[in-house]
Amino acid sequence: MARSPPRRSGILKMAMSGSEETFLVRAGRIFLVVCLYWFVSISLVFLNQQLLGGSQLDAPLFVTFFQCSVSVVLCWILRLWSVVCPGTIDFPSVRFDPKTSREVLPLSVVFVAMITFNNLCLKHVGVAFYTVGRSLSTVFNVLLSYVILRQPTSPRAQLCCGVIIGGFWLGVDQENVSGALSWWGVFYGVLASVCVSLNAIYTKKVLTAVDGNIWKLSYYNNINACVIFVPLLLLSSEPARLAASLPVVAAHLHWWATMVVGGLLGFAIGYVTGLQIKHTSPLTHNVSGTAKACTQTLLAVLSGSAKKSSLWWSSNLLVLGGSSAYTWVRSTEMKERDTHVLQPDKTNLGV
């Protein structure tokens, strides 16, 4: 006897159950990815602040050089793992090619400047003011995109940049009023913001040299960075400080372990950033980064038991609000441009 087809209500119930399960799995995966990004990013900032602001060793260039070295070693380990255990991870060949290294070198120079000024800013201003001190990246991205790439910016996006600049100056003023302002920290923060913008521009330019593979780019970038750091270290006063502090620092295994963990997190931040963009979108990634910065600032203030004025908090809100608004404006403009390109020309169709 032929079986009767299931009732419509049963079909709808099964379809809804399947969709709900798929949605819940996807939502859970996104939640875990975002949490992983937040954990790695916030941990890296606080750990670097501990390394750079502590009294164990005043050597920011050496700390940054060590973290780049850890990234290179990790690339070798992951490549070896992919060969020994194929199918577990997919990692490209990291055989060194001098020609590719030379092509990536301009980016590496900017990269070295970016992470050096970034760490110097963190060393002088601390985590609480770090978001404001590094807030001009969006502004310089607009300026440099126009100067280098000749890309214009809409009035709405310019207005968002104005809000960010206003929040930056209000934050500097309030930090100065509280007596905690470091002008060197502000200076390094501005330079770091410039380098972050240049890094994004040069990354697009040199990706073709590594076949668009972000892991190969990280490998060559960190190798070049290690080479560039050697003369910088020799020209600085850090070798003398390292020699004087070596007997003390060598005995502190906890400090060396923290250095290694910092290198691991520095390598991981690139992976989790790409992972978050892959599972969400660039817009969601920027929104997540803004929310992460809010949480990071709040944790820094609470852990330091510091009292901040309402204007100080307003400066953070202006910076974060302006950055979020800029992301939304640019995303909307890109969608409108894509819609306009895809829309047929009715004048040519006789409409």
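Residues numbered from 1 in each chain as written. Predicted model: local features only at pLDDT ≥ 70, side-chain atom pairs only at ≥ 80, totals over all residues. Heavy atoms only, no water.

Our next topic: the packing of aromatic side chains. Two descriptors summarise a pair of aromatic rings, namely the distance from one centre to the other and the angle between the planes of the rings. Overall, the coordinates contain 13 aromatic pairs when judged by the stated rule. Ring centres of Phe-62 and Phe-66 lie 6.3 Å apart, and the angle between their planes is 45 degrees; this geometry places the pair in the tilted category. Of the two residues, Phe-62 and Phe-66 are both situated in helix 2 (residues 60–84); the distance of four residues between them amounts to about one turn of the helix. You can call Phe-62 buried: its relative accessible area is 15%. Lys-205 extends its terminal NZ or CZ atom over the ring of Tyr-202, reaching a point 5.5 Å from the ring centre. (Phe/Tyr/Trp six-rings, centres within 6.5 Å; stacked < 30°, edge-to-face > 60°. Helix = DSSP H or I, 4+ residues; strand = E, 2+ residues; numbered from the N terminus. Buried < 20%, exposed > 50% of the residue type's maximum accessible area, 1.4 Å probe, protein only. Lys NZ or Arg CZ within 6 Å of the ring centre and 35° of its normal.)

Per the UniProt record, "transmembrane region" (unreviewed entry) is found at residues 23–47, 59–84, 104–121, 184–202, 214–235 and 255–275. The span residues 59–84 is 96% helical and 0% strand by assignment, and the distance between its end C-alpha atoms comes to 38 Å. From the first C-alpha to the last, residues 255–275 spans 30 Å; its make-up is 100% helix and 0% strand. (UniProt positions renumbered as here; feature names shortened; annotations may be inferred.)

What follows deals with the environment of Val-272. Following the sequence through the fold, Val-272 ends up in helix 10 (residues 253–279). A relative accessible area of 3% places Val-272 in the buried class. Placed 235 residues apart in sequence, Val-272 and Tyr-37 show a C-alpha to C-alpha distance of 5.4 Å. Not counting the four nearest positions on each side in its chain, Val-272 is found in contact with Leu-36, Tyr-37 and Val-40. (Contact = heavy atoms within 4.5 Å.)

Under the defined criterion, the tally for this structure stands at two salt bridges. Residue Glu-103 is joined to Lys-99 by a salt bridge in which the shortest nitrogen-to-oxygen separation is 2.8 Å. Of this pair, Glu-103 and Lys-99 both sit in helix 3 (residues 98–125), four residues apart, which is roughly one turn of the helix. Its relative accessible area of 34% is what places Glu-103 among the partly exposed residues. The partly exposed category is assigned to Lys-99, whose relative accessible area is 48%. One salt bridge in this structure joins Asp-211 and Lys-216, with 3.6 Å as the shortest N-O distance. Classification of Asp-211 as exposed rests on a relative accessible area of 64%. (Salt bridge = Lys/Arg side-chain N within 4 Å of Asp/Glu carboxyl O.)

Here we come to a nonpolar patch on the surface. There is a patch of nonpolar side chains on the surface, built from Tyr-146, Val-147, Ile-148 and Leu-149 and spanning about 350 Å² of accessible area. Mapped onto the elements of the fold, Leu-149 is located in helix 5 (residues 137–149). (Patch = residues over 30% accessible without salt bridge, like charges linked within 9 Å, V, L, I, M, F, W, Y side chains within 5 Å. Areas by Shrake-Rupley, 256 points an atom, 1.4 Å probe, with all protein chains shown as cover.)

Before going further, it helps to spend a moment on the confidence of the model for the protein. Averaged over every residue, the pLDDT of the protein is 80; the share at 70 or more is 86%. For residues 8–20, every residue scores under 50 in pLDDT, and the model assigns this stretch one contact once sequence neighbours within four places are set aside. Across residues 345–351 the pLDDT falls below 50, and counting only partners more than four positions away or on other chains, this stretch makes two contacts in the model. (pLDDT = per-residue confidence, 0-100.)

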